[in-house]
Amino acid sequence: MKAFFGLFILAGMLVKPAHAQFDPAVFVPETLPYRLLSGAVIVGNASVTISRENAAGTLHLVESISGLFEQTAVVTMRDDTSLQPLTTQVVIARNNQYHELKLEYRFDGQHVTGEMKRPLELGGVRSVDLALPAGTTDLYLVPHLFRASALAVGKTLQFPLFNGLQNEKSFVRAWVSRLESVTVPAGVFECFRLESFVGNSRVMINIDTQFPHRVVRQIFPELQVKFELIEK
């Protein structure tokens, strides 16, 4: 498996990614609740709320996390096959320290501007002003773009990524390794299993094979944390 991932990453570096096309219909307006587990211990909760603004042609995603830390991320994107991010706002509270990120994507996502506010001891205020490759997505949209992709066993995906928290440009790469049955509090689901790298971080994601292809589980090996869907 390690040898495969080495080849997979190398191939991703050599192949220029095409501009991805997604299915915005999977974003049914709803709120999806998750629990955070470390081993068998519940260490927090999360929710993802999806809504549409038809007049503006936009989709809104609000992700809230509590427990290990407090975080709220609000992302607005185009309600079309590009799912192009337009704005991102993130507030994080951890160890009595607050971080706030505001981003605006312009020129069809090929430029991002904004500001990151952190405690003075962690660098204080930092401006963001970068040119981006065509098709770049925001860090907080990654699992949602996977569920909006046409998935099949053996398929690989790749698209450019901007991580506003680190002010870094990188890539998202994923491989649909197999189908597997996944049991979570929301029930038993037949899922696609995606082995993915978000920048240098490995994430395993299970996505329901049935429309609207909800994210059922995410596993973060480095953090020893997983997210599981509570109900649908």
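Residues numbered from 1 in each chain as written. Predicted model: local features only at pLDDT ≥ 70, side-chain atom pairs only at ≥ 80, totals over all residues. Heavy atoms only, no water.

A. Here's a closer look at unusual backbone geometry. The linkage connecting F211 with the following residue, P212, adopts the cis geometry, with an omega of 10°. Relative to the elements of secondary structure, P212 occurs in the loop between β13 (201-208) and β14 (215-220). Located in the positive-phi region is L83, a residue other than glycine, with phi close to 45°. Note on placement: L83 falls in the loop between β4 (70-78) and β5 (85-94). (Helix = DSSP H or I, 4+ residues; strand = E, 2+ residues; numbered from the N terminus.)

B. Representation of the nonpolar core within the structure. Within the largest apolar cluster, 55 residues are counted, with the highest numbers of intra-cluster contacts made by F27, Y34, L83, F146 and L194. Every residue in contact with L83, bar those within four places of it in the chain, is listed here: F22, P24, F27, L59, M77, R78, L141, L145 and A148. (Core = buried A, V, L, I, M, F, W, Y, C linked by side-chain atoms within 4.5 Å. Buried < 20%, exposed > 50% of the residue type's maximum accessible area, 1.4 Å probe, protein only. Contact = heavy atoms within 4.5 Å.)

C. Spatial organisation of the environment of T31. Note on placement: T31 falls in strand β1 (residues 30-38). T31 sits in the partly exposed class, given a relative accessible area of 48%. Considered as a pair, T31 and S51 are 20 residues apart in the sequence and their alpha carbons are 8.9 Å apart. What T31 contacts, discounting residues up to four positions off in sequence, is S47, V48 and T49. Engagement of the side chain of T31 in a polar contact is seen with the side chain of T49, the distance being 2.9 Å. (Polar contact = N/O pair within 3.5 Å; in protein donor to acceptor, adjacent residues only side chain to side chain.)

D. Representation of the layout of surface pockets within the structure. In this structure, the largest pocket occupies an estimated 1,400 Å³ of space. Lining the largest pocket are 43 residues, and of these L139, Y140, L165, F220 and L223 lie nearest its centre. (1 Å grid on protein atoms, 1.4 Å probe; cavity = no way out; pocket = protein on both sides within 12 Å on 5 of 7 lines; lining within 4 Å. Points joined across faces, edges and corners; volume = space filled by probe spheres on them.)

E. View of the pairing of strand β7 (residues 111-117). Both strand β6 (residues 97-106) and β7 contribute to a ladder of seven bridges, which runs antiparallel. Within the sheet, the bridge partner assigned to L101 lies in β7 and is M116. The turn linking β6 back onto β7 is made up of four residues, and F107 within it adopts a positive phi angle of 50°. Pairing between β7 and strand β8 (residues 125-131): seven bridges, direction antiparallel. Among the inter-strand pairings, T113 is bridged to a residue of β8, identified as D129. (Pairing = 2+ DSSP bridges.)

F. Looking closely at empty space enclosed by the protein. Counted according to the given criterion, the structure contains three cavities of 30 Å³ or more. For the second largest cavity, the calculated volume is near 40 Å³. In terms of lining residues, the second largest cavity is bounded by L61, E63, A73, V75, Y140 and H144. Counting residues per element, the ones that place at least two in the lining of the second largest cavity are β3 (58-66) and β4. Per-class residue counts for the lining of the second largest cavity are four nonpolar, one polar and one charged. (Nonpolar A, V, L, I, M, F, W, Y, C, P; charged D, E, K, R; others polar.)

G. Region of interest: the pattern of salt bridges. Tallied over the full model, the rule gives 13 salt bridges. Between E180 and R193 there is a salt bridge whose closest N-O contact spans 3.2 Å. Taken together, the residues span a long stretch of sequence, with E180 in strand β11 (residues 168-184) and R193 in strand β12 (residues 187-198) at a distance of 13 residues. The pair E180 / R193 is uniform in exposure class, with both members buried. A salt bridge links R202 to E195; its shortest N-O distance comes to 3.1 Å. (Salt bridge = Lys/Arg side-chain N within 4 Å of Asp/Glu carboxyl O.)

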